[in-house]
Amino acid sequence: MQKITTFLMFEGRAEEAMTFYVGLFDDSAVLDVQRYGPEGPGPEGSVLRAAFRLAGNTYQCIDSHVKHAFGFTPAMSLFVECADEAEHDRLWAALSEGGQVRMPVDNYGFSKKFGWTDDRFGVSWQLNLS
């Protein structure tokens, strides 16, 4: 069992994001989804709590029923060490689509191919090819 788990809080798009991420990486799966019932407090059927695996690592997510004045921050990002250029290109295309590019893919000296983007859900990703 993983002692420390990254926990992602969405406002209504947790299942969509989780399903998208699971489709991008090998050794990935939705492990458990608990949903709000008719008694709430979140909208019925939205994600009360879910667990999923990406490339062997476990994550959790929720749909917050409380509106808040903050979202995800790039100060905390998911760093992916890509196996090859094809994987880097595939992940970059998927994760940057509809998102905000922070550092376009380039050779920055510390890596032959690196890019940093926030995806369409606001989660920050750094993709690296050493």
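Reading the values: the criteria
- Residues numbered from 1 in each chain as written.
- Predicted model: local features only at pLDDT ≥ 70, side-chain atom pairs only at ≥ 80, totals over all residues.
- Heavy atoms only, no water.
- Helix = DSSP H or I, 4+ residues; strand = E, 2+ residues; numbered from the N terminus.
- Buried < 20%, exposed > 50% of the residue type's maximum accessible area, 1.4 Å probe, protein only.
- Lys, Arg positive; Asp, Glu negative; His and termini not counted.
- Salt bridge = Lys/Arg side-chain N within 4 Å of Asp/Glu carboxyl O.
- Polar contact = N/O pair within 3.5 Å; in protein donor to acceptor, adjacent residues only side chain to side chain.
- Contact = heavy atoms within 4.5 Å.
- Expected span 1.5 Å × (residues − 1).
- Pairing = 2+ DSSP bridges.
- Axes fitted to C-alpha atoms, helices over the stretch in contact; angles between N-to-C directions.

Q: Explanation requested: the side chain of Glu87 in the structure shown.
A: Position of Glu87 among the secondary structure elements: in helix H2 (residues 85–96). No salt bridge is formed by the buried Glu87, whose closest oppositely charged neighbour, Arg90, lies at an N-O distance of 4.4 Å. Here Ala83 takes part through its backbone nitrogen, which lies 2.5 Å from a polar atom of the side chain of Glu87. Among residues more than four places away in sequence, those in contact with Glu87 are Glu81 and Cys82.

Q: Help me understand H2, please; the structure alone is not making it clear to me.
A: Given 3.6 residues to a turn, an α-helix orients residues that are three or four positions apart in the same direction. In this model, H2 (12 residues) spans 16 Å end to end at C-alpha, consistent with the 16 Å of a helix rising 1.5 Å per residue. Buried residues of H2: Glu87, His88, Leu91, Trp92, Ala94, Leu95 and Ser96, and no others. In this structure, the buried residues of H2 make contact with helix H1 (14–22), strand S5 (78–81), strand S6 (100–106), strand S7 (113–118) and strand S8 (124–129). For H2, the N-terminal cap is Asp84; the gap from its side-chain oxygen to the backbone nitrogen of Ala86 is 3.3 Å.

Q: Sorry if this is basic, but what is going on with the sheet that holds S5 here?
A: Pairing between sheet strands relies on hydrogen bonds along the backbone, with the strands arranged either parallel or antiparallel. Reading across from one edge, S5-S8-S7-S6 is the order of the 4 strands in this open sheet, with mixed pairing throughout. For this open sheet the edge positions go to S5 and S6, each flanked by a neighbour on one side alone. The sheet shows a mean angle of 10° between the axes of neighbouring strands, taken without regard to direction. As judged from the 4 bridges shared by S6 and S7, these two strands associate in the antiparallel manner. Each residue of the ladder has a partner; that of Met103, found in S7, is Trp116. Relative to the sheet, H2 contacts S5, S6, S7 and S8, its axis offset from that of S7 by approximately 20°.

Q: It is not clear to me how the side chain of Ser77 should be interpreted in this structure. Could you clarify?
A: Checked against the element boundaries, Ser77 lands in the loop between strand S4 (57–63) and S5. Residue class for Ser77 comes out buried when judged on its relative accessible area of 18%. At 2.7 Å, the side chain of Ser77 and the side chain of Gln126 are in polar contact. In contact with Ser77, other than residues within four places in its own chain, are Trp116, Ser124, Trp125 and Gln126.

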